[in-house]
Amino acid sequence: MMLLIIWGSTYFLVNKERISIERQAKLSVGEITDTYEARVVRALREIDTTLKLVRFTANSRDHSSVLNVLNEQRLLPPALLFTISIVDSQGMVVETTDPGLLGQRLTPPAQAMLDGDYLAVGEKGAYQAKQITFTRPLRPEQESAQGGGSGWVIIAIDANYFVSSYEVRSLGQQGLLALVSAEGIVRVRRSGDTIHSGELMDIGAWKSSTLDAVSAPFMTHWQGVERYTLVRELYDFPLSIVVGLSAQEQLAAAHQLARNYWQRAGWTSGLLLIILAMLGRLSWQLQWARQRVMEERVSHAQQVEHLAFHDMLTDLPNRAFLSHLITQAVKLGGRHSESFALLFLDLDRFKLINDTLGHDAGDLLLQEVARRLTSSVRESDVVARLGGDEFVILLSKVSRRDQIEPIGKKILSAAREPFMLAGQECHISVSIGVSLYPFDGLDEQTLMKSADMAMYQAKQLGKNNIQFYTDELSAEMDVRLTLESGLHRALASHEFRLFFQSKHDVEVGSTLGMEALLRWQHPTLGLLEPAQFMPLAEESGLAMPIAQWVLENACRQNMLWQQEGFPTLTMAVNISARQFYDNSFVESIKEALATTGMDPRLLELEITESMLLQNVQRTASIFAEIKKLGVMIAVDDFGTGYSSLSDLNALPVDTLKVSSSVVKRLSGTRRDQQLSSSVIELGKCLGMEVFAKGVASHEQAHFIGSHSSLPFHGFYSNEPLSAEENGQKEK
Amino acid sequence: MLKRLTGSGISFLLGAMLSMTYHPASAEVLVVVSAEAPFTRLTSSDLRDVYLGRRTLIVNGVQVVPLDLTEGTAARSEFYTHYTGQTPAQIKSHWARQIFTGRGQPPQALSNSRAVVERLVSDAKALGYIDSSFLDERLRVVTIE
């Protein structure tokens, strides 16, 4: 477009310039012609006047001094250029301004001239220069009357006189000024600095070729030169003037200009192209950059979306995405009656690993689990992470348990493969709960809940297994939920009770102490044992407050009994592992004692044998603190675990409660009796009091009492009673 | 220094020196005026202008009428060559042009130095050139600067 404009306007300019120069040339041809014509005519008139003057003078005076007389009067044109001669009828020069011509004989002019009185134009070569002659008869009237020859007056002038006004400045080297005779013979012509004559110029044809050769210049092609030409026939004289301007010369400037214009157009185009190329390149770069920004944005958006719907750690679909997928599956299932399964997975020992090996190891473990899960299922199945150690697998197009079970087993065994974490081999397992669409739920929420319940059940059933949702499970769960919600208000509404089991001396059978046992008097479910609600309490963070309540109330009850006048009894309280290892444990004991004012030596904390084993060092330091308070320590269910004897020896344990299974063996085979006896003996040897547990009947108590060889200090009755009942009994 | 110049350089130098000092073998031409004339000095450019018809007044508004000799006389060609630096042909061409274009007339031409002398004596405004042999006390030589 721009190029078109550039070249178009250049063409237009060049054309305009050419036309204007052409017009200018034609105008100047006209002007030059006008001037030239005027000068030639004036020159010719002067010549003719001179001729007539000479003739007149000659006719009225003596011959011999006409020219001298006239010259002295300064009536003749300068002899320098004009040679005036008077010739007699014989052709003899009788008088002349050029002394060299005197006495010469001249060829007479045409008879016609001598017959009529008019200005005759001729030419002659004088020296090297061509001369033009003008002649008039000396005595025309007389001659015509006599019909004989007569003299004549002649003026010879250098031909170049008539073209001396040629100016190279305006006419150039190839212009043309010419005086042409009526017959078309060039009398004199000047082009540049050269003078020509005698050529033929067909001015007649030129004049007829154009309408107005007098005032409108026309183009001629003469002697190889093109010219803007004007031809004018002179009035009164048998001559024409021709003026021409070389078209080539006149247009040379235009051509030069045009060349400049074209060159400039070329340069501009080149520049334009370069600029365009640069602009193009820039815009291309800009576009490219924009595109990159767009791409980055898109990829960023994709990333954001990915992040929104994927778990950062494992890159698995997250809860939101899973929810979407399940909703989708439900929709498809509804339309095509396709069933699918949800597997709810929970890692069994994850918290422990996270706590002991650190979060980084936990993260690595989760990532590895994600990998194993993904490779355990089909490509079309979805593995998602809900958060923490919970995963969900969406198995499409399965409807029966026997289709799911193999997959579940595969997952279980994949999870049991050892993990390498922080350079350590770790073992975990998973618990899996399964719900099936459309049998166990028709919407995402129900299906998830069902699977969750089944998983919980799997946990309850010892972990590392797979459970399917059943309606019974749901009922159980309802109970569980009832308990869970009840727990929160149980403390406040005083639904917990303490029951007591007495500890008896083996010989006299008198009561030595009491063991406090926790029960929950549930408004609808009745009396519940700790095993039924304590795990829930631990899960809901109520374990510690409840334990504290137990400790305090046990002490308070003991004080009450003392105040009522009962003999001083010891008070044993069961301590859970969680409570024992809690940082505030020792403080809570102090607090309970302080609140109730009970003698610390009466308080006996019961710890199971398995707890001793968990962390011997820690246990030892806690024991030491407890002992500082003066509180007694008993090991419960002794004989079931595998306590190392050295550990036991290192710990300041006061009492051993021998497990009922050990007690039972006492009445078994001899080998059993010996084993049990040695366990009891061992306790005694370590300086501890040894009591039997699980003495169910009075008979059994009596049996133990009567076999004094049995090394028991005493036994526990197997029948928990309430505080009131115990009070009655003691009385 | 001369030794270092090329041959052509030397010949050019010699030519230039010769042209400056050379006087034609013919008799010397003098520019003269009447003894009564109001000036005795002319610049060479004034002289040239007066003879080429470019002006008729010289310094101080003095009018001058130049006198020429007829074509073909030795003094004339000497005068023009020496004082105007132009050949007779160039002078002729100049006047042809002047006359044809109506711009002026050449100085009056007299046939010999004697005629010039006579005219100068009778006309104080006249300025002429003559062969030195015609110089007499009635005339004064104009110094051309």
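Draft legend 1. The arrangement of the overall build of chain B in detail. When its secondary structure is counted, chain B shows five helices and nine strands. Secondary structure elements in chain B, listed N-terminal to C-terminal, are α-β-β-α-β-β-β-α-α-β-α-β-β-β. When the 145 residues of chain B are sorted by exposure, 37% land in the buried category. Here the contacts in chain B between residues at least 6 apart in sequence split such that 67% fall between residues at least 24 apart. Split by element, the accessible area of chain B, about 8,000 Å² in all, is 56% carbon and sulfur.

Draft legend 2. Summary view of the environment of His324(A). Residues and elements named next belong to chain A. Tracing the backbone through its elements, the reader meets His324 in helix 8 (residues 319-336). Overall, His324 belongs to the partly exposed group, its relative accessible area being 41%. C-alpha separation for the pair His324 and Phe309, spaced 15 residues apart in sequence, amounts to 9.6 Å.

Draft legend 3. Representation of the side chain of Thr229(A). Considering the arrangement of structural elements, one finds Thr229(A) in strand 10 (residues 225-233). A distance of 3.1 Å separates a polar side-chain atom of Thr229(A) from the backbone oxygen of Arg227(A).

Draft legend 4. View of the pattern of salt bridges. Residue and element names in this part refer to chain A. Evaluated as defined, the whole model comprises 39 salt bridges over all chains. Linking Arg232 and Asp34 is a salt bridge whose minimum nitrogen-to-oxygen distance equals 2.6 Å. Here Arg232, found in strand 10, pairs with Asp34, found in helix 1 (residues 2-60); they are 198 residues apart in sequence, far enough to count as distant. A salt bridge links Glu604 to Lys503; its shortest N-O distance comes to 3.6 Å. Residue Glu604 is located in strand 23 (residues 603-608), and its partner Lys503 is located in strand 19 (residues 496-505); the two are separated by 101 residues in the primary sequence.

Draft legend 5. Representation of the packing of aromatic side chains in the model. Tallied over the entire structure, the rule returns 26 aromatic pairs over all chains. Ring geometry for Phe500(A) versus Trp561(A): centroids 4.9 Å apart, planes at 65°, classification edge-to-face. Separated by 61 residues along the polypeptide, Phe500(A) in strand 19 and Trp561(A) in helix 15 (residues 543-563) bring together distant segments of the chain. On the accessibility criterion, Trp561(A) (4% relative accessible area) is buried. An aromatic cluster is defined as three or more aromatic residues linked by ring pairs; in this entry it consists of Tyr36(A), Phe82(A), Phe134(A), Tyr161(A), Phe162(A) and Phe100(B). We note Arg372(A) situated over the ring of Phe419(A); from NZ or CZ to the ring centre the distance is 3.7 Å.

Draft legend 6. View of the sheet that holds strand 14 (residues 390-396) of chain A. Residue and element names in this part refer to chain A. In space, the five strands of this open sheet follow the order 13-14-12-17-18, with mixed pairing throughout. Strands with a single pairing partner mark the edges of an open sheet, and in this sheet they are strand 13 (382-387) and strand 18 (466-468). This sheet shows a mean twist of 20° between the axes of neighbouring strands, independent of strand direction. Here strand 12 (residues 340-347) pairs with strand 17 (residues 430-437) via eight bridges, running antiparallel. The residue bridging Leu345 from the neighbouring strand is Ile432, located in strand 17.

Draft legend 7. Here's a closer look at the side chain of Ser165(A). Note on placement: Ser165(A) falls in the loop between strand 5 (152-158) and helix 5 (168-171). Non-local contacts of Ser165(A), meaning those with residues more than four positions away in its chain, are made with Tyr36(A), Arg39(A), Leu177(A), Arg97(B), Phe100(B) and Thr101(B).

Draft legend 8. A look at empty space enclosed by the protein. All names here are of chain A. One pass over the structure, following the stated rule, counts two cavities of 30 Å³ or more. Counted as a void, the largest cavity has a volume near 50 Å³. Val369, Arg372, Leu373, Ser376, Ile411, Ala414, Ala415, Phe419 and Val430 are the residues that line the largest cavity. Looking at the lining of the largest cavity, the elements with two or more residues in it are helix 10 (359-376) and helix 11 (401-416).

Draft legend 9. View of the interface of chain A and chain B. Opposite the 17 residues of chain A that make contact, chain B presents 14 residues. Summed over both sides, the interface between chain A and chain B buries roughly 1,500 Å², with carbon and sulfur atoms accounting for 60% of that surface. At the boundary of chain A and chain B, one finds two salt bridges. For Arg97(B), the salt bridge goes to Glu167(A), with nearest N and O atoms at 3.9 Å. No other element matches the five residues that helix 1 of chain A contributes to the side of chain A that touches chain B.

Draft legend 10. Inspection of the pairing of strand 14 of chain A at higher detail. Residues and elements named next belong to chain A. Counting buried positions along strand 14 yields five of seven residues, so the element is predominantly enclosed. Where strand 12 lies against strand 14, seven bridges are found, and the strand directions are antiparallel. Within the sheet, the bridge partner assigned to Leu342 lies in strand 14 and is Leu394. Bridging between strand 13 and strand 14 involves five bridges; their strand directions are antiparallel. Paired with Gly387 across the two strands is Glu390, which belongs to strand 14. Between strand 13 and strand 14, which pair antiparallel and follow one another directly, the connecting turn spans two residues, one of which, Gly388, has a positive phi of 55°.

Draft legend 11. Structural context of the pairing of strand 5 of chain A. All names here are of chain A. Counting buried residues in strand 5 gives seven out of seven residues, a clear majority hidden from the surface. Neither face of strand 5 is left uncovered, since the one carrying Trp152, Ile154, Ala156 and Asp158 and the one carrying Val153, Ile155 and Ile157 both have all their residues buried. Where strand 1 (residues 82-87) lies against strand 5, six bridges are found, and the strand directions are antiparallel. Residue pairing for strand 5: Phe82 is matched across the bridge by Ile157. Two elements, strand 4 (residues 129-137) and strand 5, share seven bridges in a ladder whose sense is antiparallel. By the bridge assignment, Thr133 is partnered in strand 5 with Ala156.

Draft legend 12. Region of interest: the packing of helix 15 of chain A against helix 17 (residues 585-596) of chain A. All names here are of chain A. Across the interface, helix 15 lies against helix 17 with an axial gap of 9 Å and an inter-helix angle of 30°. In terms of orientation, helix 15 and helix 17 fall into the roughly parallel class. Note that helix 15 runs across helix 17; the crossing there is right-handed. Of the residues in helix 17, those in contact with Gln548, Leu551, Glu552, Cys555, Arg556 and Met559 of helix 15 are Ser588, Ile589, Glu591, Ala592, Thr595 and Thr596. Its residues placed into classes, the contact of helix 15 with helix 17 shows five nonpolar, four polar and three charged.

Procedures and definitions
Residues numbered from 1 in each chain as written. Chains lettered and ligands numbered in written order. Predicted model: local features only at pLDDT ≥ 70, side-chain atom pairs only at ≥ 80, totals over all residues. Heavy atoms only, no water. Helix = DSSP H or I, 4+ residues; strand = E, 2+ residues; numbered from the N terminus. Buried < 20%, exposed > 50% of the residue type's maximum accessible area, 1.4 Å probe, protein only. Contact = heavy atoms within 4.5 Å. Areas by Shrake-Rupley, 256 points an atom, 1.4 Å probe, with all protein chains shown as cover. Polar contact = N/O pair within 3.5 Å; in protein donor to acceptor, adjacent residues only side chain to side chain. Salt bridge = Lys/Arg side-chain N within 4 Å of Asp/Glu carboxyl O. Phe/Tyr/Trp six-rings, centres within 6.5 Å; stacked < 30°, edge-to-face > 60°. Lys NZ or Arg CZ within 6 Å of the ring centre and 35° of its normal. Pairing = 2+ DSSP bridges. Axes fitted to C-alpha atoms, helices over the stretch in contact; angles between N-to-C directions. 1 Å grid on protein atoms, 1.4 Å probe; cavity = no way out; pocket = protein on both sides within 12 Å on 5 of 7 lines; lining within 4 Å. Points joined across faces, edges and corners; volume = space filled by probe spheres on them. Buried area = accessible area lost by both parts, 1.4 Å probe. Parallel < 35°, antiparallel > 145°, perpendicular 65-115°, else oblique. Left-handed = near helix turned anticlockwise from the far one by under 90°. Nonpolar A, V, L, I, M, F, W, Y, C, P; charged D, E, K, R; others polar.

So, to be careful, I would describe these as geometric facts and stop short of saying anything about function.
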